[in-house]
Amino acid sequence: MSKKLFVGGLSWGTTDDRLKEAFGRFGEVTEAKIITDRETGRSRGFGFVTYAEPAAAEQAIKELDGQELDGRTIRVNEAQNQTRPRGGGGPRDGGPPSSFGGNDRGPRGGAPAGDRDRGGGGPGRDRDRDRDRDRDFGDFGDDGGGRRGRGARR
């Protein structure tokens, strides 16, 4: 059964072959992969090494974690399975981006966000309270501080 290791803190110049060479002295490396930026192709500073035998992977962790490779101190540990979906700003096919927050409903569960100003009403919408709140601000006259209205400057 194979075992995959995470290797972090890699030098920008470290290659897949160099990674395989450095880790190969502990056992058979079935894959050594530096993760690169999709846009630039430049190393992201980490990678993965897969061993055919778990015992070889354990030995590599003991021997290489905290050691220097290509001028950088590397971190080596067992790779963890990704358990949650990665976020990322919407579909990559050029479609519209995903929304940023729960459902399409307004702040109190009423009309969809775009309909609030068009009288969307619905449960949770209290028009009387909104009207009373606006009334509390009076005529937006001088507040005694030399300013007129809500933040308006003249």
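Just so you know, these numbers come straight off a predicted model, no measurement behind them.

A few words on the packing of aromatic side chains. A full pass over the atoms with the stated rule returns 3 aromatic pairs. Ring plane angle 65° and centroid distance 5.8 Å describe the contact between Phe6 and Phe48, whose orientation is recorded as edge-to-face. Of the two residues, Phe6 is situated in strand 1 (residues 3–8) and Phe48 in strand 3 (residues 43–51); the sequence distance between them amounts to 42 residues. Members of the aromatic cluster, joined through ring pairs, are Phe6, Phe46 and Phe48.

Take the side chain of Thr14 next. Residue placement: Thr14 occurs in the loop between strand 1 and helix 1 (16–23). At 2.8 Å, the side chain of Thr14 forms a polar contact with the side chain of Asp70. Once residues lying within four places of it in the same chain are set aside, the contact partners of Thr14 are Leu19, Ile34, Leu69 and Asp70.

What follows covers the sheet that holds strand 2 (residues 29–36). Taken in spatial order, the 4 strands of this open sheet run 2-3-1-6, and their pairing is antiparallel. Only two strands of the sheet have a single partner each, and these edge strands are strand 2 and strand 6 (75–78). Averaged over all pairs of adjacent strands, the angle between strand axes in this sheet comes to 20°, irrespective of strand direction. In terms of strand pairing, strand 1 meets strand 6 through 4 bridges, oriented antiparallel. Looking across to strand 6, one finds that Gly8 is bridged to Arg75. Contacting strand 1, strand 2, strand 3 and strand 6, helix 1 runs over the sheet at an angle of about 140° to strand 2.

With that settled, the discussion passes to the nonpolar core. Judged by nonpolar contacts, the single largest core of 20 residues is most densely connected at Leu19, Phe23 and Tyr51. Of all the elements in the fold, those that place two or more residues in this core are strand 1, helix 1, strand 2, strand 3 and helix 2 (54–64). With 5 residues, helix 2 is the largest single contributor of residues to this core. Setting aside anything within four residues of it in sequence, one finds Leu19 in contact with Val7, Leu10, Thr14, Ala32, Lys33, Ile34, Phe48, Val49 and Leu69.

Let us look at helix 1. Each α-helix turn comprises 3.6 residues. Residues three or four places apart therefore point the same way. What helix 1 keeps buried is the set Leu19, Ala22 and Phe23. In an axial view of helix 1, the angular spread of the buried residues amounts to 90°, which keeps them on one side of the axis. Structural note: helix 1 exposes Asp17 and Glu21 on the side pointing more than 90 degrees away from its buried face. Looking at the buried side of helix 1, the elements it contacts are strand 1, strand 2, strand 3, helix 2, strand 4 (68–69) and strand 6.

Topologically, Ser43 is positioned in strand 3. For Ser43, the side chain forms a polar contact with the main-chain nitrogen of Gly45, separated by 3.0 Å.

Our focus in this paragraph is the pairing of strand 1. Of the pairings in the sheet, the one linking strand 1 to strand 3 comprises 6 bridges and is antiparallel in character. Bridge assignment links Leu5 to a residue of strand 3, and that residue is Val49.

Here the focus is the environment of Gly8. Topologically, Gly8 is positioned in strand 1. Taking the C-alpha atoms as reference, Gly8 lies 9.3 Å from Arg44; in sequence the two are 36 residues apart. Residues within four places of Gly8 in sequence aside, it is in contact with Gly45, Phe46, Thr73, Ile74 and Arg75.

We now examine the pattern of salt bridges. Two side chains carrying opposite charge are able to pair once their charged atoms lie near each other. Using the criterion set out here, one finds 4 salt bridges in the structure. Glu58 is paired through a salt bridge with Lys3; the nearest N and O atoms lie 2.2 Å apart. Taken together, the residues Glu58 in helix 2 and Lys3 in strand 1 connect sequence positions 55 residues apart. A relative accessible area of 32% means that Glu58 is categorised as partly exposed.

What counts and how
Residues numbered from 1 in each chain as written. Predicted model: local features only at pLDDT ≥ 70, side-chain atom pairs only at ≥ 80, totals over all residues. Heavy atoms only, no water. Phe/Tyr/Trp six-rings, centres within 6.5 Å; stacked < 30°, edge-to-face > 60°. Helix = DSSP H or I, 4+ residues; strand = E, 2+ residues; numbered from the N terminus. Polar contact = N/O pair within 3.5 Å; in protein donor to acceptor, adjacent residues only side chain to side chain. Contact = heavy atoms within 4.5 Å. Pairing = 2+ DSSP bridges. Axes fitted to C-alpha atoms, helices over the stretch in contact; angles between N-to-C directions. Core = buried A, V, L, I, M, F, W, Y, C linked by side-chain atoms within 4.5 Å. Buried < 20%, exposed > 50% of the residue type's maximum accessible area, 1.4 Å probe, protein only. Arc of directions from axis to C-beta. Salt bridge = Lys/Arg side-chain N within 4 Å of Asp/Glu carboxyl O.

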